[in-house]
Amino acid sequence: MKQRMACLLIGILMGAVLLGGNTSQAAESFFKAFPGSHTFYLDGQPIEMEAYNINGNNYVMLRDIGKALGFNVYWSDGVHIDTNSPYTGSAPSDITVGSYKGTSLQVGERSALIIRSAGSGYSVVSSDPSVLSVEQVSGSWVIEGKAPGSAVLTITTPSGAQGTLSITVRAGDSAGSSTEGVSSSELLKNMEIREEIISLVNQIRREHGVQELSADQSLMDTAQVCASRWYTWHHPKEECQLALDYGYPHGFGANLTVFTGTSAADAARTAVDNWAASPGHFRSMIDARGDSIGVGVERQDGVTYCYLFVGMPGTHNAYE
């Protein structure tokens with residue numbers, strides 16, 4: 001695609017040079033445009049593209065080329081060409097917004113938000129609080145489905161920059177859960193450390209040529225409950241049952257590390273370094289079958305308990 005794009009852009013630049021003139025009279029004579037009648041081809045197939053003939057040269061809008069070739073073109077204090085992003089015609093937002101449970105929730109279901117590059121002091125607003133509410137819990141933004149429908153979350157920074165996320169809320173089932181009694185604040189503890197662990201694990205996976213892992217709310221909740229139980233060795237039955245209770249139906253790899261004498265600022269690095277130094281735990285971190293991740297961290301009386309679950313959709317939960 002780069003070669004095709006380069007050829008098209010060279011043609012545009014050549015045309016622009018031909019438009020140059022030393023006088024306004026010359027410019028007036030050159031800038032007579034007529035609808036073009038040529039056929040344009042992409043990969044040997046004809047495509048629709050509006051063109052104009054100016055002084056024997058065909059001119060098309062750069063936006064149309066972006067649409068045809070699949071790269072973004074937008075205006076933001078000048079023309080920008082982004083060959084790594086699909087065409088939208090709009091400048092990308094510096095703020096990225098996600099939800100641990102994706103873009104669909106059941107009524108009564110809650111999910112923490114993942115907000116990047118927003119800095120501090122930003123606001124989060126729901127377009128319809130009767131459908132989707134939003135609140136801060138232990139320093140994290142949490143959404144909850146209130147009624148079937150759709151709502152848009154808007155994140156606004158003090159400078160006016162914005163990011164949005166659309167959420168659909170569907171009717172939930174009435175079945176109870178054996179995990180009832182665990183509070184939302186408990187599930188959202190130590191999120192900064194947990195998110196740093198996710199970042200460090202994905203960095204190691206990139207270095208070893210395997211796909212990054214996406215945070216999965218079911219595994220995040222499972223890992224946090226396990227960590228909050230202060231386990232110092234694996235409890236496979238409890239781990240598997242909790243994963244099922246929180247809605248993760250597949251098998252997973254599990255890592256656990258417990259250590260003392262480490263500050264909160266160094267906890268994530270210590271946990272990942274411990275796993276990287278252990279062959280079995282390291283294999284779990286870089287397992288190519290994994291596509292999702294859950295991390296739990298509990299700090300109690302100077303002891304840090306860290307759980308890591310790597311979700312593997314091609315495997316089965318032993319207690320399913």
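In the block above lies the structure referred to throughout.
Counting restarts for each chain: residues are numbered from 1 in the order of the written sequence. In keeping with the model being predicted, local features are shown solely for residues with a pLDDT of at least 70 and side-chain atom pairs are shown and tallied solely at 80 or more, while totals for entire chains, interfaces and linings include all residues. Side-chain metrics in this entry use all non-hydrogen atoms of the structure; hydrogen atoms and water are not considered.

Caption draft 1: Quick look at a nonpolar patch on the surface. Each patch is built from salt-bridge-free residues with over 30% relative accessible area, joining like charges within 9 Å and nonpolar side chains (Val, Leu, Ile, Met, Phe, Trp, Tyr) within 5 Å. Only the protein chains shown count as covering a residue, and every accessible area follows the Shrake-Rupley method with a 1.4 Å probe. The working definition used for a salt bridge is a side-chain nitrogen of Lys or Arg within 4 Å of a carboxyl oxygen of Asp or Glu. On the surface, Trp75, Val79 and Ile81 cluster together into a nonpolar patch covering about 340 Å² of accessible area. Only DSSP runs of H or I covering at least 4 residues are called helices, and only runs of E covering at least 2 are called strands; the numbering of each starts at the N terminus. Residue position: valine 79 is located in strand β7 (residues 79-82). Burial classification: accessible surface area is computed with a 1.4 Å probe over protein chains only, and a residue below 20% of its type maximum counts as buried, one above 50% as exposed, and the rest as partly exposed. Given the relative accessible area of 54%, valine 79 is considered exposed.

Caption draft 2: Spotlight on the environment of threonine 83. Mapped onto the elements, threonine 83 comes out in the loop between β7 and β8 (96-99). Judged by its relative accessible area of 28%, threonine 83 is partly exposed. When the C-alpha positions of threonine 83 and asparagine 72 are compared, they lie 6.3 Å apart, and in sequence the two are 11 residues distant.

Caption draft 3: Expanded view of the packing of helix α5 (residues 191-207) against helix α8 (residues 264-276). Between N-to-C directions, angles span 0 to 180 degrees; the directions come from axes that are lines fitted to C-alpha atoms, helices contributing only their stretch in contact. Packing of α5 against α8 brings their axes to within 9 Å, and their N-to-C directions diverge by 35°. In terms of crossing hand, the pair formed by α5 and α8 is right-handed. Contacts between α5 and α8 pair Ile193, Glu196, Ile197, Leu200, Val201 and Ile204 from the former with Ala264, Ala265, Ala267, Ala268, Arg269, Ala271, Val272 and Trp275 from the latter. Handedness of a crossing follows from how the near helix is turned relative to the far one, being left-handed for an anticlockwise turn of less than a right angle and right-handed for a clockwise one. For this analysis, residues touch if any pair of their heavy atoms sits within 4.5 Å.

Caption draft 4: Region of the structure containing the packing of aromatic side chains. We call Phe, Tyr and Trp rings a pair once their centres come within 6.5 Å, taking the six-membered ring for Trp, and we label the pair stacked below 30 degrees between planes, edge-to-face above 60, and tilted otherwise. Applying the stated criterion across every chain, the model contains two aromatic pairs. Here the aromatic rings of phenylalanine 252 and phenylalanine 309 are separated by 4.8 Å at their centres, their planes lie at 50°, and the arrangement is tilted. With a gap of 57 residues between them, phenylalanine 252 in strand β17 (residues 250-260) and phenylalanine 309 in strand β19 (residues 303-316) connect regions that are remote in the sequence. When its relative accessible area of 0% is taken as the criterion, phenylalanine 309 is described as buried. By the ring-pair criterion, three or more aromatic residues cluster together here, those being Phe252, Tyr307 and Phe309.

Caption draft 5: Representation of the sheet that holds strand β10 (residues 110-116) within the structure. Strand pairing follows a simple DSSP-based rule, namely that at least 2 bridges must link the two strands. One open sheet holds the four strands; their spatial order is β8-β10-β13-β12, and the pairing between them is antiparallel. Each having just a single partner strand, β8 and β12 (132-137) make up the two edges of the open sheet. Adjacent strand axes in the sheet meet at a mean angle of 30°, parallel and antiparallel pairs treated alike. Taken together, the six bridges between β12 and strand β13 (residues 140-145) define a ladder with antiparallel strand orientation. Bridge pairing links serine 133 to glutamate 144 in β13.

Caption draft 6: Looking closely at the sheet that holds strand β1 (residues 33-35). In spatial order, the strands read β1-β4-β5; together these three strands make up an open sheet with antiparallel pairing. Both outer strands of the open sheet, β1 and β5 (57-60), are each paired with one neighbouring strand and no more. When the angles between neighbouring strand axes are averaged without regard to direction, this sheet yields 40°. The pairing of β1 with strand β4 (residues 51-54) spans three bridges and is antiparallel. Counterpart to phenylalanine 34 in the pairing with β4 is asparagine 53.

Caption draft 7: Representation of the pattern of salt bridges within the structure. Summed over all chains, the structure comprises seven salt bridges. Between arginine 289 and aspartate 287 there is a salt bridge; the shortest N-O distance is 2.8 Å. Salt bridges here are not isolated pairs; linked through shared partners, they connect Arg110, Glu135, Glu144 and Lys146.

Caption draft 8: Quick look at the packing of helix α6 (residues 217-228) against helix α7 (residues 236-245). Between α6 and α7, whose axes approach to 9 Å, the crossing angle comes to 140°. When the axes of α6 and α7 are compared, the pair comes out oblique. Crossing of α6 against α7: the hand is right-handed. Here Thr222, Val225 and Cys226 of α6 lie close against α7, whose contacting residues are Glu239, Leu242 and Ala243. Three classes are used, and their members are as follows: Ala, Val, Leu, Ile, Met, Phe, Trp, Tyr, Cys and Pro are nonpolar, Asp, Glu, Lys and Arg are charged, and the others, Gly among them, are polar. When the residues that make up the contact of α6 with α7 are grouped by side-chain class, the tally is four nonpolar, one polar and one charged. Should an angle fall under 35 degrees it is taken as roughly parallel, and over 145 as roughly antiparallel, whereas 65 to 115 is taken as roughly perpendicular and any remaining angle as oblique.

Caption draft 9: Main features of unusual backbone geometry. Even without being a glycine, asparagine 190 presents a positive backbone phi close to 55°. On the accessibility criterion, asparagine 190 (26% relative accessible area) is partly exposed. The backbone of aspartate 301 shows a phi angle near 50°, a positive value even though the residue is not glycine. Since its relative accessible area comes to 72%, aspartate 301 is described here as exposed.

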